[in-house]
Amino acid sequence: MTNVGAVIEEASIQKIFDLFKNKPGNLKFNETDAIIITAKTEDNRHVTRTFYCCLKPDGTIDETIIAGDGSRARRHQLVSFLMNNGITGNIKGYNIKEKIGEWKGKSIAALVSEKDGSIHIP
């Protein structure tokens, strides 16, 4: 896989039950929201990444949670994506619901192969 630059074309927040009739077994009860990001790479490919989390009513997330390792890892990936791509410098108090519209046009990193690609999470 090759690391290339990409630009976010679309970012949205969806409820899990709007995407799935039944919640997938690997998602826990505290994962109720999906943040879906689509980006276009330098070579005109589209890559998508979905982050599963639970947004608080004020639009923020809490990185430290009392949950299993899988849920904690998924939340940490979202925080890592936001901080390492310069979207925010501090996750505490960052309102994702309000700020997600500002993500469009941000430069991020993507990993691509001959067949597919994904958004890079450091």
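Quantities reported herein were computed from a predicted structural model and do not represent experimental measurements.

1. A short note on helix α2 (residues 69-84)
Next, step 1: The end-to-end C-alpha distance of α2 is 22 Å, a good match for the 22 Å that 16 residues give at a rise of 1.5 Å each.
Next, step 2: Taken as a whole, α2 has its buried residues at Ser 71, Arg 74, Arg 75, Leu 78, Val 79, Ser 80, Phe 81 and Leu 82.
Next, step 3: Packing partners of the buried residues in α2 comprise β1 (2-15), β2 (33-41), β3 (46-53), α3 (96-99), β4 (107-112) and β5 (117-119).
Next, step 4: In the stretch just after α2, Gly 86 is the one whose phi turns positive, near 75 degrees.

2. What about the confidence of the model for the chain?
Next, step 1: Per-residue confidence for the chain averages 89 on the pLDDT scale, and 97% of its residues sit at or above 70.
Next, step 2: Looking across the chain, the model is least confident in β5, with a mean pLDDT of 83, and most confident in α3, with 96.

3. Re the sheet that holds β4
Next, step 1: Spatial ordering of the open sheet is given by β3-β2-β1-β4-β5, a layout of 5 strands whose pairing is antiparallel. Of all the strands in the sheet, just β3 and β5 have a single pairing partner and so form its edges. When the angles between neighbouring strand axes are averaged without regard to direction, this sheet yields 40 degrees.
Next, step 2: The sheet strands contacting α2 are β1, β2, β3, β4 and β5, and the helix crosses β3 at an angle near 125 degrees.

Basis of the calculations
- Residues numbered from 1 in each chain as written.
- Predicted model: local features only at pLDDT ≥ 70, side-chain atom pairs only at ≥ 80, totals over all residues.
- Heavy atoms only, no water.
- Helix = DSSP H or I, 4+ residues; strand = E, 2+ residues; numbered from the N terminus.
- Expected span 1.5 Å × (residues − 1).
- Buried < 20%, exposed > 50% of the residue type's maximum accessible area, 1.4 Å probe, protein only.
- Contact = heavy atoms within 4.5 Å.
- pLDDT = per-residue confidence, 0-100.
- Pairing = 2+ DSSP bridges.
- Axes fitted to C-alpha atoms, helices over the stretch in contact; angles between N-to-C directions.

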